[in-house]
Amino acid sequence: MDWVEKYRPKTLADVIGNQSAVHELLEWGKGWTIQKKPLLLYGKPGIGKTSAAYALARDLGWEIIELNASDQRTKGVIERIAGSSSTTASLSGALRRLILLDEADNLEGNADRGGAKAIVDIIKKSRQPILLIANDAYGVAPEIRRLCDQVQFRAVPARTLAPHLKFICATEGLDCDADAIRIIAEEAQGDIRSAVNMLFGSAVGKDRISHSDIRVHQKDSRSSIFDMVAKTLSGSTDDNSLIMLSREVDDTPDAQIQWLESAVIQHREVWRRTLSLCYLSRADSYLGRTFSRQYYTLWRYASAIMLIGTSAASAGSGLRVKISPPDRWKRMGLARRQKTIRLSLLNRCSQAYHVPEKTVSDEYLTPIALLADASPDRFVRALNLDADQLALLIHDKARASAILKEIEKQDKEEEKRKAAQKVAMPKLPEEEMDTSHRDTVEKTPEKKKTEAQSTLFSF
Ligand SMILES: Nc1ncnc2c1ncn2[C@@H]1O[C@H](COP(=O)(O)OP(=O)(O)OP(=O)(O)O)[C@@H](O)[C@H]1O
(Lines give C-alpha, C1' and ligand atoms only; values in the text may rest on other atoms or scores of the structure.)
Protein backbone atom coordinates (compact mmCIF):
# COMPACT_ATOMS: atom_id res chain seq x y z
CA MET A 1 0.00 0.00 0.00
CA ASP A 2 1.44 3.39 -0.82
CA TRP A 3 2.13 5.63 2.13
CA VAL A 4 -0.29 8.35 1.10
CA GLU A 5 -3.19 5.96 1.70
CA LYS A 6 -1.57 4.14 4.60
CA TYR A 7 -1.05 7.38 6.52
CA ARG A 8 -4.33 9.05 5.61
CA PRO A 9 -5.72 10.42 8.90
CA LYS A 10 -8.49 8.18 10.24
CA THR A 11 -9.94 10.62 12.76
CA LEU A 12 -9.93 14.41 13.00
CA ALA A 13 -7.39 14.15 15.81
CA ASP A 14 -4.92 12.63 13.31
CA VAL A 15 -5.20 15.54 10.86
CA ILE A 16 -2.07 17.65 11.10
CA GLY A 17 -2.15 21.44 10.70
CA ASN A 18 -5.25 23.54 9.97
CA GLN A 19 -6.50 23.16 13.52
CA SER A 20 -9.00 26.02 13.38
CA ALA A 21 -10.47 24.72 10.09
CA VAL A 22 -10.76 21.25 11.61
CA HIS A 23 -12.42 22.74 14.70
CA GLU A 24 -14.96 24.64 12.55
CA LEU A 25 -15.68 21.44 10.62
CA LEU A 26 -16.24 19.44 13.79
CA GLU A 27 -18.52 22.12 15.28
CA TRP A 28 -20.52 22.16 12.06
CA GLY A 29 -20.88 18.38 12.14
CA LYS A 30 -21.77 18.13 15.83
CA GLY A 31 -24.34 20.89 15.62
CA TRP A 32 -25.75 19.87 12.24
CA THR A 33 -29.46 20.42 11.77
CA ILE A 34 -31.50 20.61 8.62
CA GLN A 35 -31.28 24.41 8.70
CA LYS A 36 -27.46 24.38 8.56
CA LYS A 37 -25.81 25.48 5.34
CA PRO A 38 -23.44 23.05 3.56
CA LEU A 39 -19.73 23.66 4.11
CA LEU A 40 -17.38 24.41 1.28
CA LEU A 41 -13.84 23.27 2.22
CA TYR A 42 -11.30 24.91 -0.06
CA GLY A 43 -7.54 25.16 -0.36
CA LYS A 44 -4.61 23.89 -2.40
CA PRO A 45 -4.25 20.16 -3.19
CA GLY A 46 -2.90 17.63 -0.71
CA ILE A 47 -3.52 19.48 2.54
CA GLY A 48 -6.19 17.26 4.00
CA LYS A 49 -9.62 18.52 2.88
CA THR A 50 -10.89 15.14 1.70
CA SER A 51 -9.20 13.32 4.57
CA ALA A 52 -10.80 15.71 7.09
CA ALA A 53 -14.24 15.11 5.56
CA TYR A 54 -13.83 11.32 5.84
CA ALA A 55 -12.42 11.64 9.37
CA LEU A 56 -15.43 13.74 10.40
CA ALA A 57 -17.84 11.11 9.09
CA ARG A 58 -15.95 8.43 10.96
CA ASP A 59 -15.82 10.42 14.21
CA LEU A 60 -19.56 11.09 14.09
CA GLY A 61 -20.55 7.63 12.88
CA TRP A 62 -21.96 8.95 9.61
CA GLU A 63 -22.09 7.10 6.33
CA ILE A 64 -20.43 8.89 3.43
CA ILE A 65 -21.50 9.17 -0.21
CA GLU A 66 -18.86 10.70 -2.46
CA LEU A 67 -19.34 12.11 -5.91
CA ASN A 68 -16.31 13.42 -7.76
CA ALA A 69 -15.68 14.98 -11.16
CA SER A 70 -14.84 11.68 -12.82
CA ASP A 71 -18.40 10.52 -12.13
CA GLN A 72 -19.68 12.55 -15.12
CA ARG A 73 -21.77 14.86 -13.03
CA THR A 74 -24.73 15.30 -15.26
CA LYS A 75 -27.95 16.47 -13.70
CA GLY A 76 -29.34 12.94 -13.96
CA VAL A 77 -26.39 11.28 -12.21
CA ILE A 78 -26.29 13.81 -9.40
CA GLU A 79 -29.98 13.48 -8.78
CA ARG A 80 -29.84 9.71 -8.86
CA ILE A 81 -26.88 9.32 -6.54
CA ALA A 82 -26.88 12.32 -4.25
CA GLY A 83 -30.54 13.25 -4.61
CA SER A 84 -31.89 10.06 -3.14
CA SER A 85 -29.17 9.83 -0.50
CA SER A 86 -29.76 13.42 0.51
CA THR A 87 -33.40 12.89 1.27
CA THR A 88 -33.64 9.26 2.35
CA ALA A 89 -32.30 7.60 5.45
CA SER A 90 -29.23 5.36 5.48
CA LEU A 91 -29.65 1.63 4.90
CA SER A 92 -26.69 0.75 7.12
CA GLY A 93 -28.43 2.31 10.09
CA ALA A 94 -25.86 5.13 10.33
CA LEU A 95 -27.21 8.25 11.95
CA ARG A 96 -26.70 10.39 8.88
CA ARG A 97 -25.36 10.29 5.37
CA LEU A 98 -22.68 12.83 4.54
CA ILE A 99 -22.91 13.84 0.87
CA LEU A 100 -19.41 14.71 -0.30
CA LEU A 101 -19.09 16.61 -3.57
CA ASP A 102 -15.38 16.63 -4.40
CA GLU A 103 -13.84 18.91 -7.04
CA ALA A 104 -16.79 21.29 -6.82
CA ASP A 105 -14.75 23.82 -8.80
CA ASN A 106 -14.66 21.41 -11.69
CA LEU A 107 -18.22 21.73 -12.91
CA GLU A 108 -17.53 22.78 -16.50
CA GLY A 109 -18.24 21.61 -19.98
CA ASN A 110 -20.98 19.45 -21.40
CA ALA A 111 -21.12 16.69 -18.85
CA ASP A 112 -21.52 19.03 -15.91
CA ARG A 113 -23.98 21.31 -17.65
CA GLY A 114 -27.05 21.11 -15.50
CA GLY A 115 -24.78 19.69 -12.78
CA ALA A 116 -24.53 23.05 -11.05
CA LYS A 117 -28.29 23.44 -11.10
CA ALA A 118 -28.77 19.90 -9.81
CA ILE A 119 -26.36 20.62 -6.94
CA VAL A 120 -28.26 23.80 -6.10
CA ASP A 121 -31.52 21.79 -6.07
CA ILE A 122 -29.99 19.10 -3.88
CA ILE A 123 -28.58 21.65 -1.43
CA LYS A 124 -32.03 23.22 -1.16
CA LYS A 125 -33.88 19.92 -0.76
CA SER A 126 -31.34 17.89 1.18
CA ARG A 127 -32.25 16.45 4.54
CA GLN A 128 -28.67 15.24 4.99
CA PRO A 129 -25.41 17.15 5.60
CA ILE A 130 -23.44 18.20 2.51
CA LEU A 131 -19.74 19.02 2.19
CA LEU A 132 -18.24 20.45 -0.96
CA ILE A 133 -14.51 20.39 -1.67
CA ALA A 134 -12.63 22.67 -4.04
CA ASN A 135 -9.13 23.96 -4.63
CA ASP A 136 -10.39 27.41 -5.54
CA ALA A 137 -13.51 28.80 -3.85
CA TYR A 138 -14.01 31.23 -6.75
CA GLY A 139 -13.97 28.37 -9.22
CA VAL A 140 -17.22 27.13 -7.64
CA ALA A 141 -20.32 28.36 -9.47
CA PRO A 142 -21.57 31.48 -7.66
CA GLU A 143 -25.08 30.06 -7.29
CA ILE A 144 -23.60 27.13 -5.33
CA ARG A 145 -21.09 29.23 -3.38
CA ARG A 146 -23.82 31.55 -2.14
CA LEU A 147 -25.60 28.63 -0.47
CA CYS A 148 -22.54 27.47 1.49
CA ASP A 149 -20.46 28.52 4.47
CA GLN A 150 -16.78 28.45 3.62
CA VAL A 151 -13.83 27.01 5.51
CA GLN A 152 -10.33 27.58 4.18
CA PHE A 153 -7.59 24.95 4.50
CA ARG A 154 -4.10 26.43 4.27
CA ALA A 155 -0.73 25.04 3.22
CA VAL A 156 0.86 23.26 6.18
CA PRO A 157 4.13 24.87 7.38
CA ALA A 158 7.35 22.82 7.13
CA ARG A 159 7.76 22.86 10.92
CA THR A 160 4.38 21.07 11.30
CA LEU A 161 5.13 18.65 8.50
CA ALA A 162 8.55 17.53 9.76
CA PRO A 163 7.29 15.68 12.90
CA HIS A 164 4.71 13.87 10.73
CA LEU A 165 7.48 12.70 8.37
CA LYS A 166 9.57 11.59 11.35
CA PHE A 167 6.61 9.62 12.66
CA ILE A 168 6.23 7.83 9.30
CA CYS A 169 9.98 7.02 9.25
CA ALA A 170 9.80 5.62 12.78
CA THR A 171 6.76 3.48 11.95
CA GLU A 172 8.41 2.14 8.79
CA GLY A 173 11.74 1.48 10.58
CA LEU A 174 13.44 3.93 8.23
CA ASP A 175 16.50 5.80 9.33
CA CYS A 176 16.21 9.28 7.85
CA ASP A 177 18.60 12.13 8.72
CA ALA A 178 17.32 15.48 9.94
CA ASP A 179 18.53 17.28 6.80
CA ALA A 180 16.56 14.93 4.55
CA ILE A 181 13.40 15.52 6.59
CA ARG A 182 13.95 19.29 6.44
CA ILE A 183 14.49 19.27 2.66
CA ILE A 184 11.34 17.23 2.03
CA ALA A 185 9.24 19.36 4.39
CA GLU A 186 10.41 22.55 2.66
CA GLU A 187 10.22 21.27 -0.93
CA ALA A 188 6.62 20.13 -0.43
CA GLN A 189 5.52 23.76 0.04
CA GLY A 190 2.75 22.88 2.42
CA ASP A 191 1.42 19.95 0.40
CA ILE A 192 1.36 16.91 2.71
CA ARG A 193 0.52 14.43 -0.05
CA SER A 194 3.55 15.60 -1.97
CA ALA A 195 5.80 15.35 1.11
CA VAL A 196 4.69 11.77 1.87
CA ASN A 197 5.17 10.83 -1.81
CA MET A 198 8.65 12.35 -1.83
CA LEU A 199 9.60 10.40 1.26
CA PHE A 200 8.14 7.19 -0.19
CA GLY A 201 9.92 7.70 -3.54
CA SER A 202 13.24 8.34 -1.86
CA ALA A 203 12.96 5.38 0.50
CA VAL A 204 12.15 2.64 -2.03
CA GLY A 205 14.57 -0.24 -1.51
CA LYS A 206 16.45 1.49 1.34
CA ASP A 207 16.41 1.36 5.12
CA ARG A 208 18.39 4.55 5.55
CA ILE A 209 18.15 7.81 3.66
CA SER A 210 20.26 10.94 3.76
CA HIS A 211 19.70 14.29 2.09
CA SER A 212 21.49 13.13 -1.09
CA ASP A 213 18.86 10.40 -1.60
CA ILE A 214 15.96 12.83 -1.72
CA ARG A 215 14.10 12.76 -5.00
CA VAL A 216 12.35 16.09 -4.85
CA HIS A 217 10.53 15.55 -8.13
CA GLN A 218 8.25 13.01 -6.51
CA LYS A 219 6.04 16.05 -6.13
CA ASP A 220 2.36 15.84 -7.00
CA SER A 221 2.00 16.13 -10.77
CA ARG A 222 -0.98 18.47 -10.51
CA SER A 223 1.22 21.16 -9.06
CA SER A 224 4.18 20.39 -11.32
CA ILE A 225 2.90 22.29 -14.34
CA PHE A 226 2.93 25.42 -12.15
CA ASP A 227 6.49 24.58 -11.03
CA MET A 228 7.56 23.95 -14.58
CA VAL A 229 6.26 27.31 -15.83
CA ALA A 230 7.63 29.17 -12.80
CA LYS A 231 11.07 27.57 -13.06
CA THR A 232 11.28 28.13 -16.83
CA LEU A 233 10.31 31.78 -16.48
CA SER A 234 12.73 32.33 -13.60
CA GLY A 235 15.53 31.86 -16.15
CA SER A 236 17.83 30.52 -13.44
CA THR A 237 17.06 26.78 -13.49
CA ASP A 238 19.60 24.62 -15.31
CA ASP A 239 18.52 23.11 -18.64
CA ASN A 240 18.61 19.47 -17.55
CA SER A 241 16.40 20.07 -14.53
CA LEU A 242 13.89 21.88 -16.74
CA ILE A 243 13.75 18.98 -19.18
CA MET A 244 13.38 16.48 -16.31
CA LEU A 245 10.59 18.56 -14.85
CA SER A 246 8.72 18.77 -18.15
CA ARG A 247 8.86 14.95 -18.45
CA GLU A 248 7.27 14.53 -15.04
CA VAL A 249 4.39 16.85 -15.80
CA ASP A 250 1.19 15.05 -16.75
CA ASP A 251 0.30 17.60 -19.43
CA THR A 252 1.27 16.82 -23.02
CA PRO A 253 4.00 18.94 -24.70
CA ASP A 254 1.42 20.90 -26.73
CA ALA A 255 -0.46 21.74 -23.52
CA GLN A 256 2.85 22.77 -21.93
CA ILE A 257 3.48 25.13 -24.85
CA GLN A 258 0.08 26.73 -24.24
CA TRP A 259 0.75 27.16 -20.50
CA LEU A 260 4.09 28.79 -21.28
CA GLU A 261 2.50 31.00 -23.93
CA SER A 262 -0.03 32.40 -21.48
CA ALA A 263 2.84 33.21 -19.10
CA VAL A 264 5.39 34.72 -21.51
CA ILE A 265 2.91 37.21 -22.97
CA GLN A 266 3.06 38.90 -19.57
CA HIS A 267 6.64 40.08 -20.19
CA ARG A 268 6.77 43.84 -20.16
CA GLU A 269 9.65 44.08 -22.64
CA VAL A 270 8.51 43.53 -26.23
CA TRP A 271 11.76 41.79 -27.22
CA ARG A 272 11.36 39.17 -24.47
CA ARG A 273 7.75 38.53 -25.48
CA THR A 274 8.63 38.25 -29.16
CA LEU A 275 11.68 36.04 -28.61
CA SER A 276 9.78 33.68 -26.29
CA LEU A 277 6.87 33.42 -28.72
CA CYS A 278 9.31 32.67 -31.56
CA TYR A 279 10.77 29.78 -29.57
CA LEU A 280 7.33 28.49 -28.66
CA SER A 281 6.16 28.69 -32.26
CA ARG A 282 9.29 26.81 -33.40
CA ALA A 283 8.62 24.15 -30.75
CA ASP A 284 5.03 23.95 -31.92
CA SER A 285 6.07 23.34 -35.52
CA TYR A 286 8.48 20.58 -34.41
CA LEU A 287 5.63 18.99 -32.52
CA GLY A 288 3.40 19.23 -35.59
CA ARG A 289 6.05 17.42 -37.62
CA THR A 290 6.48 14.83 -34.87
CA PHE A 291 2.85 13.85 -35.26
CA SER A 292 2.48 14.23 -39.02
CA ARG A 293 5.63 12.21 -39.84
CA GLN A 294 5.47 9.94 -36.81
CA TYR A 295 9.09 10.95 -36.26
CA TYR A 296 9.30 10.99 -32.48
CA THR A 297 12.93 12.13 -32.18
CA LEU A 298 11.69 15.62 -33.03
CA TRP A 299 9.63 15.58 -29.85
CA ARG A 300 12.84 15.97 -27.84
CA TYR A 301 13.85 19.05 -29.84
CA ALA A 302 10.41 20.55 -29.34
CA SER A 303 10.73 20.25 -25.55
CA ALA A 304 14.29 21.56 -25.53
CA ILE A 305 13.46 24.62 -27.66
CA MET A 306 10.33 25.39 -25.72
CA LEU A 307 12.04 25.22 -22.31
CA ILE A 308 15.59 26.39 -22.91
CA GLY A 309 14.53 29.10 -25.36
CA THR A 310 11.87 30.68 -23.16
CA SER A 311 14.08 30.33 -20.11
CA ALA A 312 16.91 32.21 -21.87
CA ALA A 313 14.51 34.90 -23.08
CA SER A 314 13.23 35.39 -19.53
CA ALA A 315 16.60 35.35 -17.73
CA GLY A 316 17.11 38.46 -15.64
CA SER A 317 13.64 39.88 -16.28
CA GLY A 318 12.63 39.52 -12.62
CA LEU A 319 9.07 39.00 -13.90
CA ARG A 320 6.56 37.70 -11.35
CA VAL A 321 4.07 35.96 -13.61
CA LYS A 322 0.53 35.00 -12.87
CA ILE A 323 0.44 31.32 -13.82
CA SER A 324 -2.98 30.22 -14.94
CA PRO A 325 -4.48 27.79 -17.46
CA PRO A 326 -4.20 29.03 -21.04
CA ASP A 327 -6.76 31.67 -21.94
CA ARG A 328 -7.80 29.83 -25.07
CA TRP A 329 -8.97 26.92 -22.89
CA LYS A 330 -11.23 29.29 -21.00
CA ARG A 331 -12.56 30.69 -24.27
CA MET A 332 -13.14 27.19 -25.66
CA GLY A 333 -14.83 26.19 -22.39
CA LEU A 334 -17.04 29.27 -22.60
CA ALA A 335 -18.02 28.54 -26.19
CA ARG A 336 -18.84 24.93 -25.28
CA ARG A 337 -20.89 26.11 -22.34
CA GLN A 338 -22.85 28.58 -24.50
CA LYS A 339 -23.54 25.82 -27.00
CA THR A 340 -24.85 23.51 -24.27
CA ILE A 341 -27.07 26.23 -22.85
CA ARG A 342 -28.50 26.86 -26.32
CA LEU A 343 -29.14 23.15 -26.87
CA SER A 344 -30.86 22.75 -23.52
CA LEU A 345 -33.03 25.81 -24.27
CA LEU A 346 -34.00 24.44 -27.70
CA ASN A 347 -34.85 21.14 -26.05
CA ARG A 348 -37.09 22.80 -23.45
CA CYS A 349 -38.96 24.81 -26.11
CA SER A 350 -39.25 21.81 -28.42
CA GLN A 351 -40.84 19.71 -25.67
CA ALA A 352 -43.12 22.46 -24.48
CA TYR A 353 -44.43 23.48 -27.93
CA HIS A 354 -44.28 20.05 -29.60
CA VAL A 355 -42.09 21.14 -32.48
CA PRO A 356 -38.71 19.76 -33.52
CA GLU A 357 -35.63 21.47 -32.07
CA LYS A 358 -34.52 22.48 -35.58
CA THR A 359 -37.82 24.30 -36.17
CA VAL A 360 -37.47 26.08 -32.83
CA SER A 361 -33.94 27.09 -33.81
CA ASP A 362 -34.79 28.21 -37.38
CA GLU A 363 -38.19 29.83 -36.89
CA TYR A 364 -39.35 30.13 -33.30
CA LEU A 365 -36.35 31.32 -31.37
CA THR A 366 -36.54 34.97 -32.42
CA PRO A 367 -40.28 35.41 -31.63
CA ILE A 368 -39.81 33.46 -28.38
CA ALA A 369 -36.92 35.76 -27.47
CA LEU A 370 -39.03 38.86 -28.17
CA LEU A 371 -41.95 37.56 -26.12
CA ALA A 372 -39.62 36.45 -23.31
CA ASP A 373 -38.09 39.90 -23.27
CA ALA A 374 -41.55 41.45 -22.83
CA SER A 375 -42.70 39.04 -20.15
CA PRO A 376 -39.71 37.10 -18.81
CA ASP A 377 -41.20 35.80 -15.55
CA ARG A 378 -44.04 34.04 -17.35
CA PHE A 379 -41.55 32.24 -19.60
CA VAL A 380 -39.30 31.31 -16.73
CA ARG A 381 -42.19 29.72 -14.88
CA ALA A 382 -43.75 28.04 -17.88
CA LEU A 383 -40.53 26.59 -19.31
CA ASN A 384 -38.74 26.21 -15.98
CA LEU A 385 -35.74 28.17 -17.28
CA ASP A 386 -32.57 28.85 -15.34
CA ALA A 387 -30.69 32.16 -15.36
CA ASP A 388 -28.33 31.11 -18.19
CA GLN A 389 -31.15 30.07 -20.48
CA LEU A 390 -33.11 33.24 -19.82
CA ALA A 391 -29.97 35.35 -20.37
CA LEU A 392 -29.55 33.72 -23.77
CA LEU A 393 -33.08 34.73 -24.71
CA ILE A 394 -33.06 38.29 -23.40
CA HIS A 395 -29.33 38.97 -23.97
CA ASP A 396 -28.89 40.43 -20.52
CA LYS A 397 -27.15 38.32 -17.86
CA ALA A 398 -27.63 40.74 -14.97
CA ARG A 399 -31.33 41.22 -15.68
CA ALA A 400 -31.83 37.47 -16.08
CA SER A 401 -30.31 36.66 -12.69
CA ALA A 402 -32.27 39.50 -11.05
CA ILE A 403 -35.50 38.07 -12.52
CA LEU A 404 -34.63 34.56 -11.32
CA LYS A 405 -33.86 35.88 -7.83
CA GLU A 406 -37.18 37.74 -7.72
CA ILE A 407 -39.04 34.59 -8.81
CA GLU A 408 -37.27 32.54 -6.15
CA LYS A 409 -38.26 35.14 -3.57
CA GLN A 410 -41.89 35.10 -4.70
CA ASP A 411 -41.93 31.29 -4.62
CA LYS A 412 -40.57 31.28 -1.08
CA GLU A 413 -43.20 33.78 0.05
CA GLU A 414 -45.90 31.71 -1.64
CA GLU A 415 -44.63 28.58 0.13
CA LYS A 416 -44.68 30.39 3.46
CA ARG A 417 -48.20 31.68 2.78
CA LYS A 418 -49.40 28.15 1.92
CA ALA A 419 -47.76 26.73 5.04
CA ALA A 420 -49.41 29.41 7.18
CA GLN A 421 -52.77 28.66 5.55
CA LYS A 422 -52.37 24.94 6.26
CA VAL A 423 -51.69 25.65 9.91
CA ALA A 424 -54.73 27.95 10.10
CA MET A 425 -57.05 25.40 8.44
CA PRO A 426 -59.17 23.08 10.63
CA LYS A 427 -57.40 19.70 10.71
CA LEU A 428 -59.92 17.56 8.88
CA PRO A 429 -58.14 14.57 7.40
CA GLU A 430 -60.11 14.65 4.10
CA GLU A 431 -59.30 18.31 3.60
CA GLU A 432 -55.61 17.66 4.19
CA MET A 433 -55.68 14.90 1.62
CA ASP A 434 -57.42 17.24 -0.82
CA THR A 435 -54.74 19.88 -0.39
CA SER A 436 -51.86 17.49 -0.99
CA HIS A 437 -53.69 16.10 -4.00
CA ARG A 438 -54.00 19.66 -5.36
CA ASP A 439 -50.23 20.13 -4.92
CA THR A 440 -49.44 16.98 -6.85
CA VAL A 441 -51.75 17.95 -9.67
CA GLU A 442 -50.05 21.33 -9.95
CA LYS A 443 -46.69 19.68 -10.46
CA THR A 444 -47.55 17.15 -13.20
CA PRO A 445 -45.57 17.56 -16.44
CA GLU A 446 -48.81 17.64 -18.44
CA LYS A 447 -50.01 20.67 -16.54
CA LYS A 448 -46.59 22.33 -17.06
CA LYS A 449 -46.74 21.68 -20.81
CA THR A 450 -50.18 23.21 -21.09
CA GLU A 451 -48.98 26.20 -19.10
CA ALA A 452 -45.99 26.61 -21.42
CA GLN A 453 -48.15 26.42 -24.52
CA SER A 454 -50.67 28.88 -23.19
CA THR A 455 -47.79 31.26 -22.39
CA LEU A 456 -46.68 31.25 -26.01
CA PHE A 457 -50.11 31.29 -27.60
CA SER A 458 -51.65 33.84 -25.27
CA PHE A 459 -49.52 36.57 -26.85
N1 LIG B 1 -3.76 17.31 7.31
C2 LIG B 1 -3.25 16.11 7.03
N3 LIG B 1 -2.82 15.29 8.00
C4 LIG B 1 -2.28 14.11 7.70
N5 LIG B 1 -2.11 13.65 6.43
C6 LIG B 1 -2.50 14.41 5.44
C7 LIG B 1 -3.12 15.67 5.68
N8 LIG B 1 -3.42 16.22 4.51
C9 LIG B 1 -3.05 15.36 3.56
N10 LIG B 1 -2.49 14.27 4.11
C11 LIG B 1 -1.93 13.16 3.33
O12 LIG B 1 -2.14 13.48 1.97
C13 LIG B 1 -3.06 12.57 1.38
C14 LIG B 1 -4.03 13.32 0.52
O15 LIG B 1 -4.82 14.19 1.31
P16 LIG B 1 -6.27 14.68 0.89
O17 LIG B 1 -6.79 13.81 -0.21
O18 LIG B 1 -7.08 14.80 2.12
O19 LIG B 1 -5.91 16.10 0.34
P20 LIG B 1 -6.90 17.18 -0.31
O21 LIG B 1 -6.61 18.49 0.35
O22 LIG B 1 -8.31 16.71 -0.26
O23 LIG B 1 -6.35 17.20 -1.77
P24 LIG B 1 -7.17 17.35 -3.16
O25 LIG B 1 -7.65 18.76 -3.21
O26 LIG B 1 -6.11 17.05 -4.17
O27 LIG B 1 -8.24 16.32 -3.15
C28 LIG B 1 -3.69 11.82 2.53
O29 LIG B 1 -3.98 10.50 2.16
C30 LIG B 1 -2.64 11.87 3.61
O31 LIG B 1 -1.71 10.82 3.42
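Source: prediction; values computed, not measured. (Residues numbered from 1 in each chain as written. Predicted model: local features only at pLDDT ≥ 70, side-chain atom pairs only at ≥ 80, totals over all residues.)

1. A word on the overall build of the chain
Operational definition: Helix and strand definitions here come from DSSP, where helices need a minimum of 4 consecutive H or I residues and strands a minimum of 2 consecutive E residues; each element is numbered from the N-terminal end. Buried means a residue has 20 or more other C-beta atoms within 10 Å of its own C-beta, exposed means 12 or fewer, and partly exposed covers the counts in between; C-beta atoms are placed from the backbone. Placing C-beta atoms from the backbone, we regard two residues as in contact once those atoms come within 7 Å.
When helices and strands are counted, the chain shows 22 helices and seven strands. The proportion of buried residues among the 459 residues of the chain is 32%. Once local pairs closer than 6 in sequence are excluded, the contacts in the chain between residues at least 24 apart make up 73%.

2. Comments concerning the sheet that holds strand β3 (residues 97-101)
Keep this limit in mind: Paired strands, as defined in this entry, are two strands with at least two bridges between them according to DSSP. Axes here mean lines fitted to C-alpha atoms, for a helix over just the part in contact, with angles spanning 0 to 180 degrees between N-to-C directions.
Pairing in this open sheet of five strands is parallel, and the strands run β2-β3-β4-β1-β5 from one edge to the other. The sheet terminates laterally at β2 (63-67) and β5 (149-152), the two strands that pair on one side only. Strand-to-strand twist in this sheet, taken as the mean axis angle between neighbours without regard to direction, amounts to 25 degrees. Examined bridge by bridge, strand β1 (residues 39-42) and strand β4 (residues 130-134) share four bridges and lie parallel to one another. Across the sheet, the residue bridging to L41 is I133, located in β4. Those strands touched by helix α2 (residues 19-30) are β1 and β5, and its axis lies near 145 degrees from that of β5. Against the sheet, helix α3 (residues 49-60) contacts β1, β2, β3 and β4, and its axis sits at roughly 165 degrees relative to β4.

3. Some details on the UniProt feature "binding site: ATP" (unreviewed entry) in the chain
Filter applied, for reference: UniProt positions are given in the numbering used here, feature names are shortened, and annotations may be inferred rather than shown by experiment.
According to UniProt, the feature "binding site: ATP" (unreviewed entry) maps to G43, K44, P45, G46, I47, G48, K49 and T50 in the numbering used here. In this fold, I47 is placed in the loop between β1 and α3. Beyond its immediate sequence surroundings of up to four residues, I47 is in contact with N18, F153, A155, V156, G190, D191 and I192. Topologically, G48 is positioned in the loop between β1 and α3. Judged by the 24 C-beta atoms lying within 10 Å of it, G48 is buried.

4. Topic: the nonpolar core
Rules: In plain words, the nonpolar core is the set of buried Ala, Val, Leu, Ile, Met, Phe, Trp, Tyr and Cys residues that C-beta atoms within 7 Å link up. Segment limits for the domains were obtained from an automatic or database-derived domain assignment.
Counting 55 residues, the largest nonpolar core has L40, L41, A52, L131, L132, I184 and A195 as the members making the most contacts within it. For this core, the leading source of residues is helix α10 (residues 192-203), giving six residues. Two domains share this core, each providing at least three of its residues, namely domain 1 (3-152) and domain 2 (158-218). Excluding residues that lie within four positions of it along the chain, I184 makes contacts with L165, A195, M198, L199 and I214.

5. What about the site of the ligand?
Defined as follows: For each residue, a C-beta atom is placed from the backbone, and the residue counts as near a molecule or strand when that atom lies within 6 Å of it. For this classification, the nonpolar set comprises Ala, Val, Leu, Ile, Met, Phe, Trp, Tyr, Cys and Pro, the charged set comprises Asp, Glu, Lys and Arg, and every other residue, Gly included, is treated as polar.
Around the ligand, 19 residues are found, and the nearest of them are R8, P45, G48, T50 and S51. At the level of secondary structure, the elements contributing two or more residues to the shell around the ligand comprise α1 (3-6), α3 and α10. Among the residues making up the shell around the ligand, the classes are represented as nine nonpolar, six polar and four charged. Two domains share the shell around the ligand, each providing at least three of its residues, namely domain 1 (3-152) and domain 2 (158-218).

6. Here's the deal with unusual backbone geometry
Although it is not a glycine, H354 adopts a positive phi angle of roughly 55 degrees. Position of H354 among the secondary structure elements: in the loop between α16 (327-353) and α17 (357-374). Although it is not a glycine, H395 adopts a positive phi angle of roughly 55 degrees. Checked against the element boundaries, H395 lands in the loop between α19 (387-394) and α20 (397-424). What makes H395 exposed here is the crowd of 10 C-beta atoms within 10 Å.

7. Quick notes on helix α9 (residues 178-187)
What counts here: For this quantity, the arc is that covered by the directions from the helix axis to the C-beta atoms.
If you check which residues of α9 are buried, you get A180, I181, I184 and A185. Angular distribution of buried residues about the axis of α9 spans 130 degrees; they occupy a single face of the element. Across from the buried face of α9, at angles greater than 90 degrees, the exposed residues are A178 and D179. Lining the buried residues of α9 we find α8 (158-172), β6 (175-176), α10 and β7 (208-209). At the exit of α9 stands Q189, carrying a positive phi of roughly 50 degrees.

8. Details of the environment of Y295
Residue placement: Y295 occurs in the loop between α14 (270-293) and α15 (297-314). In this view, Y295 contacts R289 and T290; residues no more than four positions away in its chain are not counted.

9. Some words on the pairing of β4
The element β4 is largely enclosed, with a buried count of five among its five residues. Residues I130, L132 and A134 of β4 are buried on one face, and the alternating residues L131 and I133, pointing to the opposite face, are buried as well. Note that β3 and β4 share three bridges and pair parallel. Directly across from L100, in β4, lies its bridge partner L131.

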